[in-house]
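Chains, contacts and geometry: an overview
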Amino acid sequence: MKIVAVTNIKGGVGKTTTAVNLAFLCAAAGRKTLLWDLDPQGAASYVLRAEADQHASAKKLVSGKRELPELAVPSGYEELDVLPSDFSYRNFDVHLSERKRPAERLLKMSRSLRDVYSTLFLDCPPGISLLSENVLHAADAVVVPLLPTPLSVRMLTQLRDFIVANQWTDLALLPFFSMVDRRKSLHHEVIANLREQFPDILATEVPYSSEIERMTLRRAPLPAYAPGSEFGRIYSALWTEIAARLG
Ligand SMILES: Nc1ncnc2c1ncn2[C@@H]1O[C@H](COP(=O)(O)OP(=O)(O)O)[C@@H](O)[C@H]1O
Ligand SMILES: [Mg+2]
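Below you will find a few notes about this structure. Values in this document were obtained by computation on a predicted structure and should not be read as measured data. (Residues numbered from 1 in each chain as written. Chains lettered and ligands numbered in written order. Predicted model: local features only at pLDDT ≥ 70, side-chain atom pairs only at ≥ 80, totals over all residues. Heavy atoms only, no water.)

**A closer look at helix H12 (residues 230-246)**
Rules: Only DSSP runs of H or I with at least four residues qualify as helices, and only runs of E with at least two residues qualify as strands; both kinds are numbered from the N terminus onward. Expected span of a helix: the number of residues minus one, times 1.5 Å. Only protein chains enter the accessibility calculation, which uses a 1.4 Å probe; a residue whose area is less than 20% of its type maximum is buried, one above 50% is exposed, and one in between is partly exposed. The directions considered for the arc are those from the helix axis to the C-beta atoms.
The end-to-end C-alpha separation of H12 is 25 Å, in line with the 24 Å expected for 17 residues at 1.5 Å each. Looking only at H12, the buried set comprises Phe231, Gly232, Ile234, Tyr235, Leu238, Trp239, Ile242 and Leu246. Axial view of H12: buried residues confined to an arc of 160 degrees, hence all on one face. For H12, the exposed residues set more than 90 degrees away from the buried face come down to Glu230, Arg233, Thr240 and Ala244.

Shown next as structure tokens:
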């Protein structure tokens, strides 16, 4: 099972939108896929209309009293299940920190999913926390939606240094530009500059568009209802690049 995390220290950069669309595309390609909504705000669960049918507190999950597979619910899309978020996830860090080897807990929890799913997506809350450390430790790839702002350089440098310091040599760092407004000259400049410093940034750029924003109203993955549209094709291209890096 490959684990793909969508993360950024910042909120509102397109993490959830990306996680939902990529998980849908991965499943549509025939891989049994699970999207785990780790954000207590539950935006991914909302978009995919996934209701938890039982309450499973972060505490019980972290302590191993509850197993993840029994909490997964079908999304209504073929091969795609969702692990809905729970409001108790706001205290994830507290429960993780109470365990032995706290940074390795999430990887351990995910082992029970290996027999069922071939890909696990993690939609992460913003911030940098013990939970993020768990996510990076567990993940095979970390997809980072980047706003084209000068501060993204700093964030990406910090993230890269953190990965190197922890010797997570197998972890693929896959940043891409999100919410790009090509009419803004600042965006052009920042993108050119960042691409020079980080040649590994994915080629696909996701533009700023009200069509993409509308996904939250439609409550469905964009490639599910508009696969051949401009933006449907952009998400497909993004997934093709990521899938190639996952091997
Ligand atoms: N490319 C985009 N263009 C315009 N709006 C977007 C785009 N991607 C996401 N949004 C909107 O921006 C808001 C934040 O996106 P979201 O994916 O929830 O970000 P995050 O998970 O990082 O907080 C949502 O209202 C979403 O619909
Ligand atoms: Mg989100």
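Text resumes after the structure shown.
**Description of the environment of Arg101**
By secondary structure assignment, the location of Arg101 is in the loop between helix H4 (92-97) and helix H5 (105-110). For the pair Arg101 and Asp123, spaced 22 residues apart in sequence, the C-alpha separation works out to 23 Å.

**Some points on the sheet that holds strand S6 (residues 141-146)**
Rules: Pairing between two strands is assigned when DSSP locates at least 2 bridges connecting them. We call two residues in contact whenever any of their non-hydrogen atoms come within 4.5 Å of each other. All axes are obtained by fitting lines to C-alpha atoms, using only the stretch in contact for helices, and the reported angles, taken between N-to-C directions, cover 0 to 180 degrees.
Pairing within the open sheet is mixed, and its eight strands lie in the order S3-S4-S2-S5-S1-S6-S7-S8. Lying at the two open borders of the sheet, with one neighbouring strand each, are strand S3 (73-74) and strand S8 (205-207). Here five bridges tie strand S2 (residues 33-37) to strand S5 (residues 119-123), and the two strands are oriented parallel to one another. Across the sheet, the residue bridging to Trp36 is Leu122, located in S5. Here helix H7 (residues 151-165) sits on the sheet in contact with S6 and strand S7 (172-180), set at roughly 170 degrees to S6. Lying on the sheet, H12 is in contact with strand S1 (2-6), S5, S6, S7 and S8; it crosses S8 at an angle near 155 degrees.

**Quick look at the nonpolar core**
The nonpolar side chains of soluble globular proteins are, as a tendency, buried together. For clarity, the threshold we go by: The set of buried Ala, Val, Leu, Ile, Met, Phe, Trp, Tyr and Cys residues whose side-chain atoms join them within 4.5 Å is what this entry labels a nonpolar core.
Trp36, Leu38, Tyr89, Phe92, Leu122 and Leu194 are the most contacted members of the largest nonpolar core, which has 48 residues in total. Not counting chain neighbours up to four residues away, the residues in contact with Leu194 comprise Thr149, Ser152, Val153, Leu156, Phe177 and Ile201. Counting 37 residues, the second-largest nonpolar core is a separate cluster that includes Val47, Phe176, Leu222 and Trp239.

**Structural notes on the pairing of strand S4 (residues 80-83)**
Burial along S4 is two-sided: the residues Leu80 and Val82 and Asp81 and Leu83 are all buried. Of the pairings in the sheet, the one linking S2 to S4 comprises four bridges and is parallel in character. Note on S4: the bridge partner recorded for Leu35 is Val82. Looking at chain direction, S3 and S4 are connected through two bridges and run antiparallel. Counted as the bridge partner of Val73 is Val82 from S4. A loop of five residues connects S3 with S4, the two strands running antiparallel in sequence, and Gly76 in this loop sits at a positive phi of about 95 degrees.

**Here's the deal with the site of ligand 1**
Rules: In this text, near means that some heavy atom of the residue lies within 4 Å of the molecule or strand in question. Polar contacts here mean pairs of N or O atoms no more than 3.5 Å apart (in protein, one a potential hydrogen donor and the other a potential acceptor; neighbouring residues in sequence count only if both atoms are side-chain atoms). Under the convention used here, a 1.4 Å probe and the Shrake-Rupley method define accessible areas, while residue burial counts only the protein chains that appear.
Neighbouring ligand 1 are 15 residues; Gly12, Lys15, Thr16, Thr17 and Pro207 lie closest to it. Taking Gly14, its main chain carries an N or O atom lying 3.0 Å from an oxygen atom of ligand 1. For ligand 1, a nitrogen atom lies 2.9 Å from a polar atom in the backbone of Ser209. Compared with its free state, where it exposes 550 Å², ligand 1 has 81% of that area covered by protein. Those elements that provide at least two residues to the shell around ligand 1 are helix H1 (15-28), S8 and helix H9 (210-213).

**Side note on a positive patch on the surface**
Applicable threshold: Each patch is built from salt-bridge-free residues with over 30% relative accessible area, joining like charges within 9 Å and nonpolar side chains (Val, Leu, Ile, Met, Phe, Trp, Tyr) within 5 Å. Salt bridge criterion: a side-chain nitrogen from Lys or Arg within 4 Å of a carboxyl oxygen from Asp or Glu. Residues scored as charged are limited to Lys and Arg (positive) and Asp and Glu (negative), so that His and the chain ends carry no count. In this description, the location of a charge corresponds to atom NZ of lysine, CZ of arginine, CG of aspartate or CD of glutamate.
Taken together, the side chains of Lys59, Lys60, Lys65, Arg99, Lys100, Lys108, Arg111 and Arg114 present a region of like positive charge at the surface. With respect to the helices and strands, the residue Lys60 is situated in helix H3 (residues 58-63).

**Some remarks on the side chain of Ser88**
Examined against the element boundaries, Ser88 turns out to sit in the loop between S4 and H4. There is a polar contact of 2.9 Å between the side chain of Ser88 and the backbone nitrogen of Ala58. Beyond its immediate stretch of four places on either side in the chain, Ser88 contacts Ala56, Ser57 and Ala58.

Take it as geometry only, folks, not as evidence of what the structure does.
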